[in-house]
Amino acid sequence: MDRSAEFRRWKAQCLSKADLSRKGSVDEDVVELVQLLNGREQYFTTSSCAGRIILLDGGINGFEVQKQNCCWLLVTHKPCVKDDVMPALRKATGDAILKFEPLILHVQCRQLQDAQILHSVAIDSGFRNSGITVGKRGKTMLAIRSTHGLEVPLSHKGKLMVTEEYIDFLLQIANQKMEENKKRIERFYNCLQHALEKETITNSYPKEKIKDKNNSSYTRKKKRNPEAAHGKCVTEENDEDCENDDDPGITVTIFPEDY
């Protein structure tokens, strides 16, 4: 089976499966983004979370909280206030931790070139912890991630270690991060639309004309907008936001044989 046919088979299998997440559906803030990606033949999403504030009770060992081995006291994808957190926090019997987790989106790509386009858009949109992994079977995955998370311990062995005033302060920070995360998602969606439209136009344009470097109109266009050649989304509203002075590069990891 050729790679393209195998990718189509993987995509059909993945999109036909039931949503096994805790919520059981795609988060509202990324529905349009997920639909945009799944609507393109070269991409499909395997998991997503738009960003959330969570309160975890990690037992009495603390510090190394693993979500699969702890109690979820509170989960919200919206801004929250102290009155939302305190009732849940009183149920903690171990080491409670307040966390904000920004967008995480996993996308399988048809080939490395497709992943590189998406990676560039993600970096330019503020998701600077994004990276590409390539498996031996040919699976090319892109994880879209950011670094503006938050993780703060609140209690130890069920005893509250901070004041309610400090919890209120932490929630203000978490809510600000939630708002910034939402802006980055919107920026990513808009830049992705721009990049995909540009790719469609490029692919449909006669190759011999693209190769003709003596074409004066082509040369002038490159000089006017050199950023476009690198897949950046440049508009009046987000040219500053999409600026990328230091390229973090592409992470390529080889999975084990059984991946």
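That block above? That's the structure.
A brief structural summary. (Residues numbered from 1 in each chain as written. Predicted model: local features only at pLDDT ≥ 70, side-chain atom pairs only at ≥ 80, totals over all residues. Heavy atoms only, no water.)

### Section: the sheet that holds strand S7 (residues 140–145)
Two pairing modes exist for strands in a sheet, parallel and antiparallel, and in both the strands are linked by backbone hydrogen bonds.
Right, so step 1: Ordered by their spatial adjacency, four strands build an open sheet running S1-S5-S7-S6, and the pairing between neighbours is antiparallel. Looking at the sheet topology across the chains shown, the edges are occupied by strand S1 (43–49) and strand S6 (131–134). Each strand axis lies, on average, 20 degrees off the axis of its neighbour in the sheet, ignoring direction.
Right, so step 2: With four bridges joining them, S6 and S7 adopt antiparallel strand pairing. Counterpart to Val-134 in the pairing with S7 is Thr-140.
Right, so step 3: Across the sheet, helix H1 (residues 3–16) is in contact with S1 and strand S5 (104–109); its angle to S1 comes to roughly 35 degrees.
Right, so step 4: Together, S1, S5, S6 and S7 form the strand contacts of helix H4 (residues 112–124), whose direction differs from that of S7 by roughly 5 degrees. (Pairing = 2+ DSSP bridges. Helix = DSSP H or I, 4+ residues; strand = E, 2+ residues; numbered from the N terminus. Axes fitted to C-alpha atoms, helices over the stretch in contact; angles between N-to-C directions. Contact = heavy atoms within 4.5 Å.)

### Remarks on the nonpolar core
Right, so step 1: Counting residues in each nonpolar core, the largest one holds 27 residues, and the members touching the most others are Leu-37, Leu-105, Val-107, Leu-118, Ile-144, Phe-188 and Leu-192.
Right, so step 2: Elements with a minimum of two residues in this core: helix H2 (31–38), S5, H4, S6, S7 and helix H5 (164–204).
Right, so step 3: Broken down by element, the residue count for this core peaks at seven residues, all from H5.
Right, so step 4: Every residue in contact with Phe-188, bar those within four places of it in the chain, is listed here: Leu-33, Leu-105, Leu-118, Val-121, Ala-122, Ser-125, Phe-127 and Ile-144.
Right, so step 5: Counting 21 residues, the second-largest nonpolar core is a separate cluster that includes Ala-88, Leu-89, Leu-171 and Met-178. (Core = buried A, V, L, I, M, F, W, Y, C linked by side-chain atoms within 4.5 Å. Buried < 20%, exposed > 50% of the residue type's maximum accessible area, 1.4 Å probe, protein only.)

It is worth stressing that arrangement in space is one thing and function is another; only the former is reported here.
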